[in-house]
Amino acid sequence: MADNLITTPFDAQTTATEVLAGIDLAGRRAVVTGGASGIGRETARVLAAAGAEVTIGVRSLAAGSQVAKEITPASGPGTVHAAMLDLADQASVRSFVEAWQGPLHVLVLNAGVMASPLERTSEGWEIQFATNHLGHFALAIGLHSALTAAHGARVVAVSSVGHVNGDVLFDDINFQQHPYDPWAAYSQSKTANVLFAVEAGRRWAPDLIAVNALNPGRITSTRLGRHIGDISNSPASFDPTSTDVSWKNIEQGAATSVLLAASPLVADVTGRYFEDCNEAGPHRPGVRRGVAAHAVDPHNAGRLWQISLDMLATATATA
């Protein structure tokens, strides 16, 4: 990780709207996965409000179309529409990719599942790794030519502070030997998001595609925590000396995603990890901030990339 961390005028309390104040995205096309609710919805809304043409990838087309209608600006060039996308279903990912035409300027890999009970896809993949990493990985590489055609595209991978709790279990990614632990599975999937940004940032730099990962903070009132009960009553902790991850509302939670997706302040930044609208420093034990060394290890990033390609190839061959 670079010694000189990228900083911006924004912080944990900045909203996504404030990040893009005065920025014109007319003519830009964006895809936001999980865009029907939570910070994905706010990310899509703010990008469209700035003039972008936004497609939200959703599992329910009826619900997604209603959301798209609700967040499309009343006037101006920005629009939002929905398209079917189930990240746990590789056939759905392929269909989305095949249907896409023309350049893609922004890809926000936002959708996710957290600490869910053990579930496997038809391929036998553990559901959190399959959804949070493999689905997004397949989507990004499938849209690579569209991103290249944009001549300066950005890919944003929404990770979590939870990545600090564990590396990818390279010897047992799908928990076939290890006892299943929902939090260990979540941690490895979120570490995988950061490793993806590291390797994609390296591989795709010649194509002028910037790829970065982020921790959005602990967001109140979203569906991400549906498997662990209500977390919305916890107090906010925006004190800069706090060792806890920042608690935010949805408008604040989308800010770092929007920063990396469209702000000129980070136009040439790639392969890094942000939190609270600034590049994160190294994680320190006992502190719920920063980026863990295992998540930015270039060897692990390359290893995960190849394993992911192999898993997708096997799935395609047996489809």
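Note that the structure is predicted; figures quoted are calculated from it, not measured.

**Section: the confidence of the model for the chain**
Per-residue confidence for the chain gives a mean pLDDT of 92; residues scoring 70 or more make up 92%. No element of the chain has a lower mean pLDDT than strand 7 (residues 218-219), which averages 90, and none a higher one than strand 4 (residues 106-109), which averages 99. Within the model, the stretch residues 225-241 combines pLDDT values under 50 with 32 contacts to residues more than four positions away or in other chains.

**Re the packing of aromatic side chains**
For the coordinates displayed, the defined rule picks out eight aromatic pairs. Among the aromatic residues, ring-to-ring pairing joins Phe137, Phe196, Trp204 and Trp305 into one connected group.

**Some details on the sheet that holds strand 5 (residues 154-158)**
On the basis of which strands lie adjacent, the open sheet formed by eight strands has the order 3-2-1-4-5-6-9-10 and mixed pairing. What marks the edges here is a single partner per strand, and that holds for strand 3 (79-84) and strand 10 (278-279). When strand 4 meets strand 5, the two strands line up parallel, connected through four bridges. Following the sheet pairing, Val108 is matched in strand 5 by Val156. Most of the contacts of helix 3 (residues 61-71) go to strand 3, to which it runs at about 175°, and overall it touches strand 2 (53-58) and strand 3. Sheet strands touched by helix 9 (residues 255-262): strand 4, strand 5, strand 6 (210-215) and strand 9 (273-275). Its angle to strand 5, the strand with the most contacts, is close to 160°.

**Focus on helix 10 (residues 298-318)**
Helix length check: helix 10 (21 residues) gives 31 Å between terminal C-alpha atoms against 30 Å at 1.5 Å per residue, within 8%. Considered for burial, the residues of helix 10 that qualify are Asn300, Ala301, Leu304, Trp305, Ser308, Met311, Leu312 and Ala315. The arc that holds every buried residue of helix 10, seen down its axis, measures 140°, which confines them to one face. Projecting away from the buried face of helix 10 at angles above 90 degrees are the exposed residues His299, Ala317 and Thr318. Against helix 4 (90-99), helix 5 (127-142) and helix 7 (182-204) lie the buried residues of helix 10. Capping of helix 10 at its N-terminal end is provided by Asp297; its side-chain oxygen lies 3.0 Å from the backbone amide nitrogen of His299.

**Focus: the nonpolar core**
Here is a general trend for soluble globular proteins: nonpolar side chains tend to be buried in one another's company. Within the largest apolar cluster, 50 residues are counted, with the highest numbers of intra-cluster contacts made by Leu107, Leu139, Val155, Phe196 and Trp204. For this core, the secondary-structure elements that each account for two or more residues are helix 4, strand 4, helix 5, helix 6 (144-149), strand 5, helix 7, strand 6 and helix 10. When residues of this core are assigned to their parent elements, the largest contribution, eight residues, is made by helix 7. Val106, Leu214, Ala254 and Val266 belong to the second-largest nonpolar core, a separate cluster that totals 39 residues.

**Thoughts on empty space enclosed by the protein**
Per the stated rule, a full pass over the model turns up one cavity of 30 Å³ or more. Approximately 40 Å³ is the volume found for the largest cavity. In terms of lining, the largest cavity is formed by Leu109, Asn132, His133, His136, Phe137, Ala157, Asn193 and Phe196. For the lining of the largest cavity, the elements supplying multiple residues, two or more each, are helix 5 and helix 7. Per-element tally for the lining of the largest cavity: the top contributor is helix 5, with four residues. Residue classes in the lining of the largest cavity are distributed as four nonpolar, four polar and no charged.

Thresholds, definitions, all that
Residues numbered from 1 in each chain as written. Predicted model: local features only at pLDDT ≥ 70, side-chain atom pairs only at ≥ 80, totals over all residues. Heavy atoms only, no water. pLDDT = per-residue confidence, 0-100. Helix = DSSP H or I, 4+ residues; strand = E, 2+ residues; numbered from the N terminus. Contact = heavy atoms within 4.5 Å. Phe/Tyr/Trp six-rings, centres within 6.5 Å; stacked < 30°, edge-to-face > 60°. Pairing = 2+ DSSP bridges. Axes fitted to C-alpha atoms, helices over the stretch in contact; angles between N-to-C directions. Expected span 1.5 Å × (residues − 1). Buried < 20%, exposed > 50% of the residue type's maximum accessible area, 1.4 Å probe, protein only. Arc of directions from axis to C-beta. Polar contact = N/O pair within 3.5 Å; in protein donor to acceptor, adjacent residues only side chain to side chain. Core = buried A, V, L, I, M, F, W, Y, C linked by side-chain atoms within 4.5 Å. 1 Å grid on protein atoms, 1.4 Å probe; cavity = no way out; pocket = protein on both sides within 12 Å on 5 of 7 lines; lining within 4 Å. Points joined across faces, edges and corners; volume = space filled by probe spheres on them. Nonpolar A, V, L, I, M, F, W, Y, C, P; charged D, E, K, R; others polar.

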